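Letter by letter, the chains look like this.
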Amino acid sequence: MEKLNAESIRIVDEIVAKHTGRQGPVKLMLHDVQHDLGYIPFEAMEKIAIAANTSIAEVYGVVTFYAQFTIEPKGKHIINVCMGTACYVKGAQNLVNDVISMTGATVNGTSEDGLFSLDATRCLGACGLAPVVIIDGKVYGNADSSKIISEIIQSILDSEKKQPLGA
């Protein structure tokens, strides 16, 4: 397990201090850590458990129960492909295959360059728009009927190539 750097530890400590003593602080702290660090490392779960006077197992249970939380760092751009029944029947697997081919990300993993994470998700509740893809928080329905997903990914790739390293 990798150790957090000093800046990440400072961020976690600030979040814990901000929510300590509030009602139902665990989920609030987890949400803030996820937002600020992009994932929830084990060290953060330990600090949250101590501050909330609960067990690490309970905090871990919350993290793994809610789909919005992740214990692994995500890529700069996050792609979610709905694999619910309606989306699957309407070609979601082909979309997943295309995204893998274009980005190098694995299903529920991140590309080696850290640019893309690909998550195969359960039903997103937009079955009338099947298949549905979410890229960086923006929802795209009927994603198989056009090349829009490929065009968006290509646009991201082109944009990333133009940026200097470390930007």
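The structure presented is a predicted model; accordingly, all values stated were derived computationally and were not measured.

**Q** Can you walk me through the pattern of salt bridges in this structure?
**A** Where charged atoms of side chains with opposite charge meet at close range, the side chains can pair. Taken as a whole and assessed by the stated rule, the structure comprises six salt bridges. Two residues, Asp-32 and Lys-18, come together in a salt bridge whose shortest N-O distance is 3.0 Å. Of this pair, Asp-32 sits in helix α2 (residues 25–37) while Lys-18 sits in helix α1 (residues 6–19), placing them 14 residues apart in sequence. A relative accessible area of 15% means that Asp-32 is categorised as buried. The closest approach of N and O atoms between Glu-160 and Lys-76, which form a salt bridge, is 3.1 Å. With Glu-160 in helix α7 (residues 148–162) and Lys-76 in the loop between α4 (56–65) and β1 (77–82), this pair connects stretches of sequence that are 84 residues apart. Owing to a relative accessible area of 41%, Lys-76 belongs among the partly exposed residues under this scheme. One network of salt bridges, in which partners are shared, links Glu-7, Arg-10 and Glu-14.

**Q** Please clarify how the pairing of strand β3 (residues 116–121) should be interpreted in this entry.
**A** In the case of a regular strand, side chains alternate between the two sheet surfaces. Buried residues dominate β3, accounting for five of its six residues. Two elements, β1 and β3, share six bridges in a ladder whose sense is parallel. Looking at the pairing, Cys-82 lines up with Thr-121 of β3. By the bridge criterion, two bridges tie strand β2 (residues 109–110) to β3 in an arrangement that is antiparallel. Each bridged residue has a counterpart across the sheet, and for Gly-109 the counterpart in β3 is Leu-118. The turn joining β2 and β3, which pair antiparallel and follow one another in sequence, is formed by five residues; a positive phi near 75° is taken by Gly-114.

**Q** Any chance you could explain the pairing of β1 here in plain terms?
**A** Among the six residues that make up β1, five are buried, leaving the element largely enclosed by the rest of the structure. In this sheet, strand β4 (residues 133–135) lies alongside β1 in antiparallel orientation, the contact comprising three bridges. In the strand pairing of β4, Asn-80 is matched with Ile-134.

**Q** Explain the packing of aromatic side chains here, please?
**A** For any pair of aromatic rings, the description consists of the separation of the ring centres together with the inter-plane angle of the planes. For the structure on display, the rule yields two aromatic pairs. Both rings, one in Phe-65 and one in Tyr-66, keep their centres 4.9 Å apart while their planes meet at 90°; by these two values the pair is edge-to-face. For Phe-65, a relative accessible area of 64% corresponds to the exposed category. With a relative accessible area of 30%, Tyr-66 lands in the partly exposed category. Taking the centre distance of 6.2 Å and the plane angle of 85° together, the rings of Tyr-66 and Phe-69 count as edge-to-face. Judged by relative accessible area, which is 7%, Phe-69 ranks as buried. Counting every residue linked through ring pairs, the aromatic cluster contains Phe-65, Tyr-66 and Phe-69.

**Q** So what exactly am I meant to see when it comes to the side chain of Thr-103 here?
**A** Looking at the element boundaries, Thr-103 is found in helix α6 (residues 92–103). Here Val-99 takes part through its backbone oxygen, which lies 2.7 Å from a polar atom of the side chain of Thr-103. Look past the residues within four positions of Thr-103 in its chain and what remains in contact with it is Ile-79, Ser-111, Phe-116 and Ile-153.

**Q** Help me out: how do you make sense of the environment of Val-133 in this one?
**A** The residue Val-133 is located in strand β4 in this model. The exposure class assigned to Val-133 is buried, which follows from its relative accessible area of 1%. Residues Val-133 and Glu-7, spaced 126 residues apart in sequence, show a C-alpha to C-alpha distance of 34 Å.

So, how was this worked out
Residues numbered from 1 in each chain as written. Predicted model: local features only at pLDDT ≥ 70, side-chain atom pairs only at ≥ 80, totals over all residues. Heavy atoms only, no water. Salt bridge = Lys/Arg side-chain N within 4 Å of Asp/Glu carboxyl O. Helix = DSSP H or I, 4+ residues; strand = E, 2+ residues; numbered from the N terminus. Buried < 20%, exposed > 50% of the residue type's maximum accessible area, 1.4 Å probe, protein only. Pairing = 2+ DSSP bridges. Phe/Tyr/Trp six-rings, centres within 6.5 Å; stacked < 30°, edge-to-face > 60°. Polar contact = N/O pair within 3.5 Å; in protein donor to acceptor, adjacent residues only side chain to side chain. Contact = heavy atoms within 4.5 Å.

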